[in-house]
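Overview (structure and organization)
Here is how the chains run, residue by residue.
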Amino acid sequence: MQELSQTDQLLGEALTYLRDSWGEIIPDSCMICGSGWGPLADDLPDTQSLPYDQIPGLSATTVAGHNGQLHLCRIGDGHTLIFQGRRHFYEGDGWGPIRFPILLAHKLGIKNLLLTNAAGGIRSSFEVGDMMVLSDHLNFMGSNPLIGPPANQEMPRFPDQTEVYEPALRNLLVQSGQENDARIHEGVYVALSGPAFETPAEIRAFGSLGADAVGMSTVPEATLGHALGLRVCGLSCISNKAAGISTEKLKHEDVEEAAKIALPKMKATVLSFLNKLAG
Ligand code: HPA
């Protein structure tokens, strides 16, 4: 109960701070930028930005390439909240810092949640720079972000997971990618805690379990967002072939570099998608 009430208090303070800074705006959508996706938020038109460390409850990111800014961006007739930088389970601070942005976005009234990440490609036809819309996931993080008291009274204790990723949003993402000549697929994402990359034997095992791409994020936010009743979707940039699929050894810098090359199509796809959502 202690953790919940402290979180509630910080959420209230963050909400007040954002309303004081931005007025009574209710964003329709929220995007979380994963590895490689941050630069997308750098030059969006009509945007107001605040550093994480000024916002109660939001903590600075510890991973290279995760900038730590919250943006409010006007797209079409609506507003989108963009978290430029995310916290990860492997940073060692538990689920709190990963849950907080989703709880805050929900409190602000968003309806749609777009989660992005960089992922290793397991499906043999995936090339570096492709995008994958998440159709489902395997949670191999070794824990569940919903452990502990439910975030609010409406949240079910045992949330159904049959359709975590909203079919209508998945279709809109695929359509947006195709309109921008991106190589875009749908597939299953397997999440591990990291921070070590996987072994080739693990990748072979996950491939035979039905995984198409592998990463260290997204599943916690998707699970929480879905349990809160948000319309959730996920988009991976395939930044490398997973261990053993390529003969190259894996480095975080290469992940960032690959995403940089694919960035124009990632950005065009997301902007088309957000414009369609704002409709
Ligand atoms: N494994 C895990 N996480 C990742 C990878 C990978 O190959 N690429 C980008 N994030």
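Below is a short write-up of the structure. (Residues numbered from 1 in each chain as written. Predicted model: local features only at pLDDT ≥ 70, side-chain atom pairs only at ≥ 80, totals over all residues. Heavy atoms only, no water.)

**Re the nonpolar core**
Core analysis: the largest hydrophobic core is formed by 47 residues, its most contacted members being L81, F83 and L113. In terms of residue count, the dominant contributor to this core is helix 2 (residues 96-108) (seven residues). With near-sequence residues (within four places) excluded, F83 lies in contact with C30, M31, I32, C33, Y52, L58, Q69, L70, P101 and A105. (Core = buried A, V, L, I, M, F, W, Y, C linked by side-chain atoms within 4.5 Å. Buried < 20%, exposed > 50% of the residue type's maximum accessible area, 1.4 Å probe, protein only. Helix = DSSP H or I, 4+ residues; strand = E, 2+ residues; numbered from the N terminus. Contact = heavy atoms within 4.5 Å.)

**Considerations on the pairing of strand 7 (residues 184-192)**
Most of strand 7 is tucked away: eight of the nine residues are buried. Both strand 6 (residues 131-140) and strand 7 contribute to a ladder of nine bridges, which runs parallel. Following the sheet pairing, D136 is matched in strand 7 by V188. Here strand 7 runs beside strand 8 (residues 213-215); their pairing, made up of three bridges, is parallel. Paired with Y189 across the bridge in strand 8 is A213. For the crossover that starts at strand 7, traverses helix 4 (residues 200-208) and ends in the parallel strand 8, the hand is right-handed. (Pairing = 2+ DSSP bridges. Right-handed = clockwise from strand over helix to strand, strands pointing away.)

**Some points on unusual backbone geometry**
Of note, the amide linkage connecting G194 to P195 takes the cis form, showing an omega dihedral of 0°. Examined against the element boundaries, P195 turns out to sit in the loop between strand 7 and helix 4. Positive phi, close to 55°, is recorded for D46, a residue that is not glycine.

**Describing the site of the ligand**
Near the ligand you find A118, A119, G120, F197, E198, V214, G215, M216, S239, N240, L250 and V255, and these make up its full shell. G120 places a main-chain nitrogen or oxygen 3.3 Å from a nitrogen atom of the ligand. At 2.7 Å, a side-chain N or O of N240 approaches a nitrogen atom of the ligand. Taken by itself the ligand offers 260 Å² of open surface, and the protein chains cover 95% of this. The set of elements that each furnish at least two residues to the shell around the ligand consists of strand 5 (112-121), strand 8 and strand 9 (231-241). Counting residues per element, the shell around the ligand draws most heavily on strand 5, at three residues. (Near = heavy atom within 4 Å. Polar contact = N/O pair within 3.5 Å; in protein donor to acceptor, adjacent residues only side chain to side chain. Areas by Shrake-Rupley, 256 points an atom, 1.4 Å probe, with all protein chains shown as cover.)

**Some remarks on the pairing of strand 9**
In terms of burial, strand 9 is a largely internal element, nine of the eleven residues being buried. In terms of strand pairing, strand 5 meets strand 9 through ten bridges, oriented parallel. Note that in strand 9 the partner of G120 across the bridge is N240.

**So, the pattern of salt bridges**
Evaluated as defined, the whole model comprises twelve salt bridges. Among the ionic pairs, R231 bridges to E166, the shortest N-O distance being 3.7 Å. With R231 in strand 9 and E166 in the loop between strand 6 and helix 3 (167-179), this residue pair connects regions lying 65 residues apart in the sequence. Given a relative accessible area of 31%, R231 falls into the partly exposed group. Assessed through its relative accessible area of 24%, E166 is described here as partly exposed. A salt bridge links E179 to K276, with the nearest nitrogen and oxygen atoms 2.8 Å apart. (Salt bridge = Lys/Arg side-chain N within 4 Å of Asp/Glu carboxyl O.)

That's the geometry; what it means functionally is another story.
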